[in-house]
Each structure stands twice: as structure tokens, then as C-alpha cells.
There are 2 protein chains.
Amino acid sequence: MVKYFDGGLDAVFHALADPNRRHIVEALSHGERTVGEVAAPLSISLPAVSKHIGVLERAGLLRRRRDGRVHRLRFQPDALARGSEWIETHRRFWEESFDRLAGYLEKHSTQRPDKH
Amino acid sequence: MVKYFDGGLDAVFHALADPNRRHIVEALSHGERTVGEVAAPLSISLPAVSKHIGVLERAGLLRRRRDGRVHRLRFQPDALARGSEWIETHRRFWEESFDRLAGYLEKHSTQRPDKH
DNA sequence: CTCATATTTAACTAGATGGTTAAATATTTT
DNA sequence: AAAATATTTAACCATCTAGTTAAATATGAG
């Protein structure tokens, strides 16, 4: 199996593919929160939240700081930026293709372009 | 049964969390491709590719057009835009928090803000 | 009609995921 | 020291995933 290194995009997108985990990221996007604070509005058990936090942590989306008996979680925007970059790169490719087609159509406005 | 069936964020991010599927999206970002063309560079069986295409299709990331015995696949950037929007929204929240903190520090430059 | 090509569907499998409850660990409070 | 609080780890389970090979479907070509 040809598994190429992709800079953690698998982990980042996988982490974002769950509504509870996105909810956690949303909570952290407003500031630092403890595990309990982040867990409160979710309708799952604390161990389940703990696992979700682990997934986000391994994906690089949050950082944990132990403060006494609470763990304070902090959003880590760089990992999110990596996901965003991949998406924007491919949206841009598409838009450029679209622009090239538009340009072609402008020059050859009476005929439709070949399919390839 | 298939878990990620609609074009929601779960489905979009889940679809992007696999390198083979991202490779397919990359191929399509350069233009329309058939199933066979998209499958050629991947080191997995055709049925496996067919399933990946189904995942991308259900996530709204591509559209299929039957043309004789080939299926032509077209990238669908709107779904990607939805993923991007979620990411950018939360990066923005974070940056705004950061800006507010910066503004606070500017006004109260001799003291550090409370951790709260 | 028959053969070849393009793609999907079916049936199966090993391993991952997301949830649970119960127990363990670490720290603060009394 | 004992009790309370915050969080993780362990053990378990049902379902989902990503892959496989073999068979089915649909269309095109000779």
C-alpha cells in the first residue's frame, strides 16, 4: 500500500468530521476551556469527551495545559490552517480552470470548446 | 448502511480525510475525468475506487455524468466551499479573540491580563 | 449475436470508531 | 487522613470503514 506522508491532513479532516468534535473546537475558538466546561453542553459521557479531545489533540487542533486538577484546552489554529490551505488550493485550481475556460469562450464565442 | 450520506459537514470532512479520495479531488480539480482515468494512478482495486467516488459524490464533492459506457466525473466546488467556510469562520473567531487581546494589552500595557 | 470495455454490486474480512460503564489516578478541600 | 472533584484508562460492544475477489450490468465494437 503506497501510503504517502501528507502532513497530517488525514488526522485534521478526520477530527473535523464529527459534530461533537466540531462543537469542542467552536467552544475553544472563543477562548481557553477546561475539559469539564467543554463537555457540559455535549450529550455524551465524560470518557467519550476525553477521547474526542485526544483525537483533536493528536490532529494538532488543540493544546492541553495541566493546571492543578483541571486540564485547560487551547485552540491551535495552525492545524486548521493546514486543512484550509488544502481546500483553498484545490478551489483555486478549479477557479483557474474556470477562468481559462471563460477566457477561451470569450475568444471563440461562437463555438463551444472541445471536450478534450 | 452508509453513515455519511448527505452533503453535510460530517460528510465533506470525512470524504477529505482519506488520501486516495483527496487524490481523486486533485485529479478533478484540473478538469473532468472518467472513473478509469481517476483510478489509474491509485494503487487500489477499481471497486475500491468506485466506493471512494460514491463517498465523494454523497458528500457533494463531485457530480457524475453518464456518457456512453464511461462515467465522467466533475469536481463540485460548492461542497468544498462549505468546509472552507466552517474552517475560516473558526479561524476568524480565534483571530478576533487574538485582536481583542492585543487591543487590551495595548490599553493596559503595564499589566498582564487576568487568566479568568 | 458475441466479445470486449467500463463500471457497479455483492459478499466478505480485519481493523478502526464512537459510545458505554466501572475503575484508576491526580489534586484540592475539609 | 478522608472525601470530593476533575480527568483518564480499561474493558467491552455495535457499527462503520476500506480493502479484497467474484459476479452482474451496461454499452460499444466486430
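Residues numbered from 1 in each chain as written. Chains lettered and ligands numbered in written order. Predicted model: local features only at pLDDT ≥ 70, side-chain atom pairs only at ≥ 80, totals over all residues. Heavy atoms only, no water.

*Asks:* Sorry if this is basic, but what is going on with the environment of A:Asp10 here?
*Replies:* For A:Asp10, the location among the structural elements is in helix α1 (residues 9-16). The sequence separation of A:Asp10 and A:Gly83 amounts to 73 residues, and the corresponding C-alpha distance is 9.3 Å. Ignoring sequence-local partners within four residues, the contact set of A:Asp10 consists of B:Ala17, B:Asp18, B:Pro19 and B:Arg22. Among the polar contacts made by the side chain of A:Asp10, one reaches the side chain of B:Arg22 at a distance of 2.7 Å. (Helix = DSSP H or I, 4+ residues; strand = E, 2+ residues; numbered from the N terminus. Contact = heavy atoms within 4.5 Å. Polar contact = N/O pair within 3.5 Å; in protein donor to acceptor, adjacent residues only side chain to side chain.)

*Asks:* Would you take a moment to explain the protein's contact with DNA strand C for this structure?
*Replies:* Of all residues adjacent to DNA strand C, which total 24 residues, the nearest are A:Ser45, A:Lys51, A:His52, B:Ser50 and B:Arg64. Among the atoms of DNA strand C lying within 4 Å of the protein, the sugar-phosphate backbone contributes 65%. Elements supplying a minimum of two residues to the surface near DNA strand C: α2 (19-29) and α4 (46-58) of chain A together with α3 (35-39), α4 (46-58) and β3 (70-75) of chain B. Here the surface near DNA strand C is composed, by residue class, of seven nonpolar, nine polar and eight charged. (Near = heavy atom within 4 Å. Nonpolar A, V, L, I, M, F, W, Y, C, P; charged D, E, K, R; others polar.)

*Asks:* So what exactly am I meant to see when it comes to the sheet that holds strand β1 (residues 33-34) of chain A here?
*Replies:* Note on sheets: strands pair through backbone hydrogen bonds, and any given pair is parallel or antiparallel. Residues and elements named next belong to chain A. Spatially, β1-β3-β2 is the arrangement adopted by the three strands of the open sheet, whose pairing is antiparallel. The open sheet has two free edges, formed respectively by β1 and β2 (62-67), since each of these has just one partner strand. Bridging between β1 and strand β3 (residues 70-75) involves two bridges; their strand directions are antiparallel. When the sheet's bridge partners are listed, Arg-33 is paired in β3 with Leu-73. Strand contacts of α4: β2 and β3, with the helix running at about 120° to β2, the strand carrying the most contacts. (Pairing = 2+ DSSP bridges. Axes fitted to C-alpha atoms, helices over the stretch in contact; angles between N-to-C directions.)

*Asks:* What am I meant to see in the environment of A:Asp18 here?
*Replies:* As for its position among the elements, A:Asp18 is in the loop between α1 and α2. Each C-alpha atom of the pair A:Asp18 and A:His52 lies 9.0 Å from the other, and the pair is 34 residues apart in sequence. Dropping the residues within four chain positions of it, A:Asp18 is found in contact with A:His52 and B:Asp10. At 3.0 Å, the side chain of A:Asp18 and the backbone nitrogen of A:Arg21 are in polar contact.

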